[in-house]
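# Inside the fold
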Amino acid sequence: MKMTCDACQTNYEVPDEPGANASCPCCEHVNRPRGRVETIAPTTLSPENTAQGEDAPIKTMLFPAEGELHDTGITDVQHLRSNSRHGLTGMTLGLIVTEQGKPPRHHPIEKARLIIGRGRCDLRVHDPEVSREHCAIEVYDGVPILKDLQSANGTVLNGHLVREHVLHDGDRICLGTTVVEVKVVVAKGATAA
């Protein structure tokens, strides 16, 4: 059976056998939920609270099964927060945002905390799979940290579902069908962390 990944749009084959692994070979996104699933009851939302107005689809929330969440950089994150100053120093940070059906756009990171989501955020994306406040990028001594803000569908970094993680140049963050690539440039005279 042929499938298209909801996250990165990769086409791949899945065996027709029951219980076959349906994860994407590129980003490991699973199109069918494996954990507990809850449906959000319809509510009346004002058009400014949703990216696509009142016609936006109702989301299904996916909670990852035990062992699926990877927090490999959590020790680095705690170390940075306790030993560094909150803010940009010696680095130029930016994001390349690719939304489905739109050309990539560049977004500089000019402050120590940038919130990404489909609501009133610093970086707004028009994707119904993205929460109103989906994730944040916090910068400590020029080192960016990705932090999920308890989003409904989770934040995927380089193919792994994460709560928070240190970011590096070229990292790819998947929020629904939107891909955000991290760009880090060291200023002259500064050293990379």
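None of these values were measured; they are calculated from a predicted model. (Residues numbered from 1 in each chain as written. Predicted model: local features only at pLDDT ≥ 70, side-chain atom pairs only at ≥ 80, totals over all residues. Heavy atoms only, no water.)

## A word on the overall build of the protein
- Counting its secondary structure elements, the protein contains 1 helix and 15 strands.
- Sequence separation of 24 or more characterises 47% of the internal contacts of the protein that already satisfy a separation of 6 or more.
- Total accessible area on the protein is roughly 11000 Å²; 50% of this is exposed by carbon and sulfur atoms. (Helix = DSSP H or I, 4+ residues; strand = E, 2+ residues; numbered from the N terminus. Contact = heavy atoms within 4.5 Å. Areas by Shrake-Rupley, 256 points an atom, 1.4 Å probe, with all protein chains shown as cover.)

## Let's talk about the pattern of salt bridges
- Summed over the entire model, instances satisfying the criterion amount to 4 salt bridges.
- One salt bridge in this structure joins K111 and D122, with 2.8 Å as the shortest N-O distance. Of this pair, K111 sits in the loop between β6 (105-109) and β7 (113-117) while D122 sits in the loop between β7 and β8 (123-124), and the two are 11 residues apart along the sequence.
- In this structure, the salt-bridge partner of R113 is E138, at a minimum N-O distance of 3.1 Å. Of this pair, R113 sits in strand β7 while E138 sits in strand β9 (residues 135-140); the two residues are 25 residues apart in sequence, bridging distant segments of the chain.
- When its relative accessible area of 7% is taken as the criterion, E138 is described as buried. (Salt bridge = Lys/Arg side-chain N within 4 Å of Asp/Glu carboxyl O. Buried < 20%, exposed > 50% of the residue type's maximum accessible area, 1.4 Å probe, protein only.)

## Section: the nonpolar core
- In this structure, L95, I116, I137, L146 and I173 are the most contacted members of the largest nonpolar core, which totals 20 residues.
- Those elements giving two or more residues to this core turn out to be β5 (91-98), β7, β9, β14 (172-175) and β15 (178-186). (Core = buried A, V, L, I, M, F, W, Y, C linked by side-chain atoms within 4.5 Å.)

## Some thoughts on the sheet that holds strand β10 (residues 143-148)
- Spatially, the 5 strands line up as an open sheet ordered β8-β7-β9-β10-β13, and their pairing is mixed. The open sheet is flanked by β8 and β13 (164-166), the only strands paired with a single partner.
- When β7 meets β9, the two strands line up antiparallel, connected through 4 bridges. Within β9, the residue paired with I115 across the bridge is A136. (Pairing = 2+ DSSP bridges.)

## Some details on the environment of T155
- Relative to the helices and strands, T155 is located in strand β11 (residues 155-157).
- Each C-alpha atom of the pair T155 and C135 lies 7.2 Å from the other, and the pair is 20 residues apart in sequence.
- Contact partners of T155, with chain neighbours within four places excluded, come to H134, C135, L146, D148, H160, L161, V162, I173, C174 and L175.
- At 3.5 Å, the side chain of T155 forms a polar contact with the side chain of H134. (Polar contact = N/O pair within 3.5 Å; in protein donor to acceptor, adjacent residues only side chain to side chain.)

## Digging into the environment of L149
- Inspection of the secondary structure puts L149 in the loop between β10 and β11.
- Separated by 34 residues in sequence, L149 and I115 have C-alpha atoms that sit 9.0 Å apart.
- Sequence-distant contacts of L149, that is, excluding residues within four places in its chain, are made with R113, I115, E133, H134, C135 and A136.

## A short note on the confidence of the model for the protein
- In the predicted model, the protein carries a mean pLDDT of 74, and 57% of its residues have values of at least 70.
- With pLDDT under 50 throughout, residues 33-43 is counted as low confidence; its partners more than four residues away or in other chains account for 18 contacts. (pLDDT = per-residue confidence, 0-100.)

## Quick notes on the environment of Q78
- Structurally, Q78 can be placed in helix α1 (residues 74-83).
- In sequence terms Q78 and E164 are 86 residues apart; their C-alpha atoms lie 10.0 Å from each other.

## Some remarks on the pairing of β10
- Counting buried residues along β10, 5 of its 6 residues qualify, which places the element largely inside the surrounding structure.
- As judged from the 6 bridges shared by β9 and β10, these two strands associate in the antiparallel manner. Across the sheet, the residue bridging to Y140 is V143, located in β10.
- Linking β9 to β10, which pair antiparallel, is a turn of 2 residues; within it D141 sits at a positive phi near 50°.
- As paired strands, β10 and β13 are joined by 3 bridges and run antiparallel to one another. Residue pairing in the sheet places L146 in a bridge with H165 of β13.

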